[in-house]
Amino acid sequence: MGLFDKLFNYRDAGEKPSANTTENFGEPVRSLFTSTGALSLKQNTEITDDQGRLAYKASSKVVTLKDETDVTDANGKPVAHFASKVISLHERHIVDMADGTHFELSNELRHIVKDVTNIEGLGWQLRGNIIGLDFQLYDAKGAIIAVISQKAVSIKDKYCIDIYQPQYEPIVVTILVALQHMVRDREYAGA
């Protein structure tokens, strides 16, 4: 395993998962890849499968106080809607899935090196490191649901999602899109 594999787990469609990912979590059941277009009046993110076929799409209005985003499947059927909570001590996003599931993403403030985001309402936790561009999503029992990795240098915001519990795929995709917004908001705040 090379130094690059230890530091970054991102890969493009058609490539094998990083050795670090497979050693720690095994082979994923399914992998998805994101690409976010250049900023306009809307921020659009396409989520594709390993063959490059559209699986989901997220669309956000750039100029809103609540950072509202809609996630749809490849056919345009609603999957989820989320918005940031305007006044909060934590970075917080409120999510309503089309199937009626409701949860909130809330960053814990006391972690310095690793970021911890609680998925309140599901009992899940997203652990990772914005500097290392690598996150793991765990269920309430501590089992891995997905590994999310961001491409270090790219004109477009790109992520790879290795999914281990495919029954949660729509929720995982929605959490990923919300994570992208949280990372982007943090970058803007630091600029």
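Counting of residues starts from 1 at the beginning of each chain's written sequence and follows it residue by residue. The predicted nature of this model means local features are confined to residues of pLDDT at least 70 and side-chain atom pairs, given and counted, to a pLDDT of 80 or more, with totals for whole chains, interfaces and linings taken over all residues. Excluding hydrogens and water, the side-chain values take into account all heavy atoms of the structure.

1. A look at the overall build of the protein chain
Put simply, the test is: Secondary structure elements are defined from DSSP: runs of H or I of at least 4 residues count as helices, runs of E of at least 2 residues count as strands, and each element is numbered from the N terminus. Buried residues are those whose accessible area, probed at 1.4 Å on protein chains only, stays under 20% of the maximum for their type, while exposed residues exceed 50% and partly exposed ones sit between those limits. Contacts are assigned to residue pairs that have any heavy atoms within 4.5 Å of one another.
Counting its regular elements, the protein chain contains three helices and 12 strands. Residues classed as buried in the protein chain amount to 45% of the 191 residues present. When contacts within the protein chain are restricted to residue pairs at least 6 apart in sequence, long-range pairs at least 24 apart make up 32% of them.

2. Some remarks on the packing of aromatic side chains
Worth spelling out the cut-off: Stacked, tilted and edge-to-face pairs are distinguished by plane angle, under 30 degrees for stacked and over 60 for edge-to-face with tilted covering the rest, among Phe, Tyr and Trp rings (Trp via its six-membered ring) whose centres lie within 6.5 Å.
Inspection of the entire model under this criterion finds two aromatic pairs. Arranged with centres 6.2 Å apart and planes meeting at 55 degrees, the rings of Phe25 and Tyr164 form a pair that is tilted. One end of the pair, Phe25, is in helix H2 (residues 19-25); the other, Tyr164, is in the loop between strand S12 (157-163) and helix H3 (169-190), and 139 residues separate them in sequence. The interplanar angle of 70 degrees and the centroid separation of 4.9 Å between the aromatic rings of Trp124 and Tyr168 together place this pair among those described as edge-to-face. One end of the pair, Trp124, is in strand S9 (residues 124-129); the other, Tyr168, is in the loop between S12 and H3, and 44 residues separate them in sequence. Overall, Tyr168 belongs to the partly exposed group, its relative accessible area being 27%.

3. Quick notes on the environment of Lys151
For Lys151, the location among the structural elements is in the loop between strand S11 (144-150) and S12. Classification of Lys151 as partly exposed rests on a relative accessible area of 28%. Along the chain, Lys151 and Arg11 lie 140 residues apart, while their C-alpha atoms are 7.6 Å from each other. If we skip the residues at most four places from it in the chain, Lys151 touches Tyr10, Asp12, Leu133 and Lys158.

4. With respect to the pairing of strand S4 (residues 69-73)
Stated precisely, the cut-off is as follows: We treat two strands as partners when DSSP finds at least two bridges between them.
Across five bridges, strand S3 (residues 54-61) lies against S4 in antiparallel orientation. The partner of Ser59 across the bridge, within S4, is Asp70. Relative to strand S5 (residues 78-84), S4 runs antiparallel, the two sharing four bridges. Across the sheet, the residue bridging to Thr69 is Phe82, located in S5.

5. Observations concerning the confidence of the model for the protein chain
What counts here: Confidence scores labelled pLDDT are given residue by residue by the predictor and lie between 0 and 100.
Across the protein chain, the average pLDDT comes to 81, with 75% of residues at 70 or higher. Mean pLDDT across the elements of the protein chain ranges from a minimum in helix H1 (residues 3-7), with 45, to a maximum in S4, with 95. Across residues 1-6 the pLDDT falls below 50, and counting only partners more than four positions away or on other chains, this stretch makes eight contacts in the model.

6. Describing the environment of Ala143
On the secondary structure map, Ala143 appears in the loop between strand S10 (134-138) and S11. A sequence separation of 21 residues divides Ala143 from Tyr164, and the C-alpha atoms of the two residues are 9.3 Å apart. Excluding its chain neighbours within four sequence positions, the residues that come into contact with Ala143 are Leu137, Tyr138 and Gln165.

7. Things to note about the nonpolar core
The following threshold applies: What makes a nonpolar core is a set of buried Ala, Val, Leu, Ile, Met, Phe, Trp, Tyr and Cys residues whose side-chain atoms join them at distances within 4.5 Å.
Of all hydrophobic cores here, the largest spans 34 residues; its most connected members are Leu32, Phe103, Leu105, Leu137, Ile148, Ile161 and Ile175. Top element by residues in this core is H3. It accounts for 10 residues. Those residues in contact with Leu105 that sit more than four places away from it in its chain are Glu91, Arg92, His93, Val95, Thr117, Asn118, Ile119, Ile175, Ala178 and Met182.

8. Some remarks on the side chain of Ser106
Basically, it comes down to this: Any N or O atom pair separated by 3.5 Å or less is treated as a polar contact, with the protein-specific requirement of one donor-capable and one acceptor-capable atom, and with residues adjacent in sequence counted only for side-chain atom pairs.
Looking at the element boundaries, Ser106 is found in strand S7 (residues 102-107). The exposure class assigned to Ser106 is buried, which follows from its relative accessible area of 4%. A distance of 3.3 Å separates the side chain of Ser106 from the side chain of Arg92, its partner in a polar contact.

9. Description of the pattern of salt bridges
Short version of the rule: Salt-bridge detection follows one rule: a side-chain nitrogen of Lys or Arg within 4 Å of a carboxyl oxygen of Asp or Glu.
The full count for this structure, using the stated rule, is five salt bridges. Between Glu169 and Arg30 there is a salt bridge, and its shortest N-O distance comes to 2.6 Å. Placement of Glu169 in helix H3 and of Arg30 in strand S1 (residues 30-36) is noted, with a sequence separation of 139 residues between them. A relative accessible area of 9% means that Glu169 is categorised as buried. Arg30 sits in the partly exposed class, given a relative accessible area of 29%. What emerges from the salt-bridge pattern is a single network uniting Arg92, Glu104 and Glu120.

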